[in-house]
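Summary of structural features
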Amino acid sequence: MDKITNSIYMDNSASTRMDERVLEAMRPYFFDKYAVATSDFGYSMGIDAKQALAESRSAIARSINAGDNEIIFTSGFTESNNLAIKGVLKALKKQGKNHVISSTIEDFSVRNTLQKLAKEDVDVTFIPVNSEGFVDSEKLADAINDKTALVTVQTANQEIGTLQDIEKIGEICSQSNVYFHTDATHAYKRIDIDVSELNIDLMTMDSMMIHGPRGIGALYMRKGVELAKIMDGGYQEFDKRAGPENIPGAVGFAKAVELIDEKENQKIKEMTDYLRGKLLSEIKDTTLNGSADRRIPHNVNVTFHYVEGESITLHLDMRGIAVSTGSACFSKSLEASHVIMGIGGDHERAHGSVRFTLSRFNTKKEIDAVVEAMKDIIENLRRISPLKKKE
Amino acid sequence: MSFPYSEKVMEHFKNPRNVGKIEDPDGKATEGSPACGDMVAVYINVNKETQVIEDIKFESYGCASNIATGSVITEMAKGKTIEEAKKISWKEATNELGGLPSVKTHCSVLAVDGLRAAIKNYEEKQGIVTEKVPTDMDEVTKRLRKVMNPMSGLDIVKTSIVKDIKIDNGAITVELDIPDTHQFASNLKEEIHEKLDTIWDIDSVTVKFNE
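Residues numbered from 1 in each chain as written. Chains lettered and ligands numbered in written order. Predicted model: local features only at pLDDT ≥ 70, side-chain atom pairs only at ≥ 80, totals over all residues.

**A few points about the overall build of chain A**
Filter applied, for reference: Only DSSP runs of H or I covering at least 4 residues are called helices, and only runs of E covering at least 2 are called strands; the numbering of each starts at the N terminus. Computation of the radius of gyration draws on C-alpha atoms, with the globule rule given as 2.2 Å multiplied by the number of residues to the power 0.38. Labels follow a simple rule on C-beta atoms placed from the backbone: if 20 or more others lie within 10 Å of a residue's own, it is buried; if 12 or fewer, it is exposed; otherwise it is partly exposed.
Along its length, chain A carries 14 helices and 13 strands. Against the 2.2 N^0.38 benchmark of 21 Å for 391 residues, chain A shows a C-alpha radius of gyration of 22 Å, consistent with a compact globule. Counting only C-alpha atoms, chain A reaches 75 × 50 × 40 Å along its principal axes. Counting only residues that meet the buried cut, chain A has 51% of its 391 residues in that class.

See below:
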């Protein structure tokens with residue numbers, strides 16, 4: 001069996017390559033200062049660890065203009081989303097609030113959490129999105145009622161990269177006195193987010209999407225927000241998240257945050273735009289999925305009509321290129337992407353959709369290679385496709 | 001990464017045999033739809049004296065399993081008589097490929113169905129259908145389920161475009177719930193004729209639209 005090492009990785013919304021500088025920052029907390037964070041009256045190594053955790057927390061807080069005590073470290077975006085949703089519902093249950101509003105295109109960590117809660121005693125309203133992936137804010141406002149505890153709408157979409165108008169949604173929630181949680185996993189550090197200016201009550205962030213270590217993320221929780229613990233244990237993280245702190249993870253996360261600047265995002269955006277322009281102009285019968293202009297800088301998602309995504313990704317893999325697709329055949333569940341279906345696409349549009357997500361490690365040369373590979377692969381697959389002849 | 005497929009599957013996926021279409025084939029069939037994820041078309045030319053499949057081609061809109069099974073089954077069927085080719089099973093095809101992941105069964109079964117349907121289409125056109133079962137509603141509905149509603153990618157029975165079906169003395173009337181000015185009206189009409197015209201005991205097929 002052939003073994004392939006992907007030399008061109010463009011699936012950076014699934015995971016990113018960790019930066020060496022992040023590993024260097026983490027190293028002492030594995031080998032020299034490996035204690036748990038003790039209180040100030042503990043031993044030196046524990047106090048050092050506590051100090052490192054506090055500095056990391058502060059770095060995450062500064063990056064979104066929040067207070068240090070408003071950041072809770074978690075194991076990643078899945079836990080942050082679970083904690084935000086379940087924690088708020090649990091805390092507000094005694095007030096009789098059991099209604100949540102969300103969108104139809106959220107990540108599984110929000111979608112499946114809500115679908116499970118809906119089988120219990122929670123009412124869930126999924127607001128549809130338009131063809132570019134924007135939540136209908138009027139429908140969202142109309143859906144809010146006396147029982148609404150929380151609105152949870154992502155900042156950016158994981159597949160098509162659409163950036164929601166979180167300012168507007170925050171405003172609506174604030175006027176109605178409803179908590180607003182946003183899953184910013186795919187937007188955090190790729191766009192500016194200032195929680196002091198936006199009406200965000202809770203926000204999910206993750207380290208593995210920004211060249212940090214995996215297994216660490218954070219939840220921003222505005223001071224005063226009511227949130228119950230969902231996992232029992234020790235009193236860590238302001239008694240909101242039990243379990244010994246992941247100190248090397250937190251240090252690495254903070255380092256990763258420090259390493260991303262506006263210049264890098266600009267450079268990635270230029271590469272993404274270049275890739276998008278080439279794919280759409282040099283290959284016929286293509287559709288851009290998501291918004292033309294309001295999207296995260298590192299995502300381009302295109303449907304190549306008349307062909308199926310798993311065949312595309314397998315051919316790309318044979319050439320050492322890693323991307324992902326919304327095709328049913330690619331997924332473990334054999335279900336077509338709920339995001340592409342959510343924006344009104346049909347199965348054919350989902351099956352032929354390919355997501356390219358870039359990072360600081362991609363180069364223009366790699367993009368040229370990907371475009372050439374795509375041209376060749378799409379041409380070959382269309383040659384054998386029975387759909388094409390309908391024209 | 002190591003591939004989830006056998007070397008033989010990868011080989012057929014990379015270099016599929018007998019790809020393309022035959023103009024004016026003796027028999028042809030399309031199985032699956034974009035909605036179910038995979039689609040395969042099979043075309044055959046048959047020697048009318050020996051009933052040997054002399055030429056066979058396939059087209060695939062699908063994943064690696066679908067393409068590889070289409071490729072291997074055309075290879076297996078070429079040179080066989082239609083009776084022999086009909087007997088090629090999904091199991092034989094997948095064995096030939098060195099196995100397929102179990103979740104991909106559906107994608108590979110389509111290719112086998114496609115070959116059998118193309119042979120049946122040939123037999124019907126030649127008037128040599130061996131199993132002469134009188135055509136009933138089930139048979140007509142089954143065939144109409146293979147006609148796709150281009151608006152949704154699902155078939156026209158499921159999406160309620162078919163309003164009514166009548167079978168009367170060798171004549172089928174299909175009533176569709178769209179006007180004849182609809183953008184896909186002529187496409188659908190053509191496809192319905194393709195699926196029904198060849199049935200052995202049917203003389204005429206009429207497609208009606210909303211007034």
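**Brief notes about the environment of N121 of chain B**
All names here are of chain B. Cut-off, in case you're wondering: Note on contacts: each residue gets a C-beta atom placed from the backbone, and two residues are in contact if those atoms are within 7 Å.
Mapped onto the elements, N121 comes out in helix α5 (residues 105-126). For the pair formed by N121 and I44, sequence separation is 77 residues and the distance between their alpha carbons is 9.7 Å. Every residue in contact with N121, bar those within four places of it in the chain, is listed here: G27, K28, A29 and T198.

**Concerning the nonpolar core**
Formally: Among buried residues, those of type Ala, Val, Leu, Ile, Met, Phe, Trp, Tyr and Cys that are joined through C-beta atoms within 7 Å form a set called a nonpolar core.
Ranked by internal contacts, the top residues of the largest apolar core, which has 76 residues, are V88, L150, V151 and Y220 of chain A. No other element matches the 7 residues that helix α9 (residues 247-259) of chain A contributes to this core. Setting aside its immediate chain neighbours within four residues, Y220 of chain A contacts I64, A66, E70, I71, V195, L202, M203 and M205 of chain A. With 64 residues, the next largest nonpolar core counts Y9 and V323 of chain A together with M10 and V72 of chain B among its residues.

**Looking at the environment of K208 of chain B**
Residues and elements named next belong to chain B. Of note, K208 is situated in strand β8 (residues 204-210). Remark: the alpha-carbon pair of K208 and I156, spanning 52 residues in sequence, is separated by 14 Å. In contact with K208, other than residues within four places in its own chain, are T173, E175 and L176.

**Some points on the sheet that holds strand β7 (residues 171-179) of chain B**
Residues and elements named next belong to chain B. Put simply, the rule is: Being paired, for any two strands, means DSSP has found at least two bridges between them. Axis definition: a line fitted to C-alpha atoms, limited for helices to the stretch in contact. Angles are taken between N-to-C directions and run from 0 to 180 degrees.
Spatially, the 3 strands line up as an open sheet ordered β6-β7-β8, and their pairing is mixed. This sheet does not close on itself; its edge strands, each paired only once, are β6 (162-168) and β8. When strand polarity is set aside, the average angle formed by the axes of neighbouring strands in this sheet is 15°. Judged from the 6 bridges that link them, β6 and β7 form a sheet pairing that is antiparallel. The residue of β7 that forms the bridge with K166 is T173. Contacting β6 and β7, helix α6 (residues 137-144) runs over the sheet at an angle of about 135° to β6.

**Side note on the sheet that holds strand β3 (residues 53-61) of chain B**
Residue and element names in this part refer to chain B. With antiparallel pairing, the 3 strands of this open sheet are ordered in space as β1-β2-β3. For this open sheet the edge positions go to β1 (27-33) and β3, each flanked by a neighbour on one side alone. Each strand of the sheet is rotated relative to its neighbour by a mean of 10°, with strand direction disregarded. Of the strands in this sheet, β2 (38-46) and β3 are in contact with helix α2 (residues 64-77), which crosses β3 at around 175°. Along the sheet face, α5 touches β1, β2 and β3 and points at about 145° away from the line of β1.

**Some details on the pairing of strand β4 (residues 123-127) of chain A**
Across a regular strand the side chains alternate sides, sitting on one face of the sheet and then on the other. Residue and element names in this part refer to chain A. Heads up, the rule is: Here is how to tell: hold the view so the strands point away, follow the path from the first strand over the helix to the second, and if it runs clockwise the crossover is right-handed.
Of the strand pairs in this sheet, strand β3 (residues 99-103) and β4 are connected by 5 bridges, and their pairing is parallel. Directly across from I101, in β4, lies its bridge partner T125. This β-α-β element, β3 to helix α5 (residues 108-119) to β4, shows right-handed connectivity.

**Here we look at the packing of helix α11 (residues 309-318) of chain A against helix α14 (residues 364-383) of chain A**
Two quantities define a packed helix pair, namely the angle between the axes and the distance from one axis to the other. All names here are of chain A. This is how it is decided: Oblique is the label for every angle not falling under 35 degrees (roughly parallel), over 145 degrees (roughly antiparallel), or within 65 to 115 degrees (roughly perpendicular). Two helices that cross are described as forming a left-handed crossing if the nearer one is turned anticlockwise from the farther one by less than a right angle, and a right-handed crossing if clockwise. Amino acids are sorted into nonpolar (Ala, Val, Leu, Ile, Met, Phe, Trp, Tyr, Cys and Pro), charged (Asp, Glu, Lys and Arg) and polar (every other residue, Gly among them).
One can describe the packing of α11 onto α14 by two numbers: an axis separation of 10 Å at closest approach and a directional angle of 135°. Viewed along their axes, α11 and α14 adopt a mutual orientation that is oblique. Handedness of the crossing formed by α11 with α14: right-handed. Within the contact between the two elements, α11 uses S311, I312, H315 and L316 and α14 uses A373, I377 and L381. A class-by-class count of the residues in the contact of α11 with α14 yields 5 nonpolar, 2 polar and no charged.

**Section: the environment of D38 of chain B**
Residues and elements named next belong to chain B. Here D38 shows up in strand β2. In sequence terms D38 and S65 are 27 residues apart; their C-alpha atoms lie 9.8 Å from each other. Not counting chain neighbours up to four residues away, the residues in contact with D38 comprise G32, Y61, G62, C63, N66, C107 and L110.

**Side note on the confidence of the model for chain B**
Parts of the model with low pLDDT should not have their predicted coordinates read in detail. All names here are of chain B. Note the threshold: The quantity known as pLDDT measures the predictor's confidence residue by residue, on a range of 0 to 100.
For chain B, mean pLDDT is 88; residues scoring 70 or higher make up 96% of the total. Here strand β4 (residues 148-149) stands out as the least confident element of chain B, with mean pLDDT 76; β3 is the most confident, with 95. Predicted complex metrics record ipTM = 0.79 and pTM = 0.87.

**Some thoughts on unusual backbone geometry**
Positive phi values are uncommon outside glycine, yet K189 of chain A reaches one of about 70°. With respect to the secondary-structure elements, K189 of chain A resides in the loop between β6 (179-183) and β7 (202-206).

**Topic: the packing of α6 of chain B against helix α7 (residues 185-196) of chain B**
All names here are of chain B. Between α6 and α7, whose axes approach to 9 Å, the crossing angle comes to 130°. Put simply, α6 runs oblique to α7. In the packing of α6 onto α7, the handedness of the crossing is right-handed. Contacts from V140, R143 and L144 in α6 reach I192, K195 and L196 in α7. Looking at the contact of α6 with α7, its residues break down into 4 nonpolar, no polar and 2 charged.

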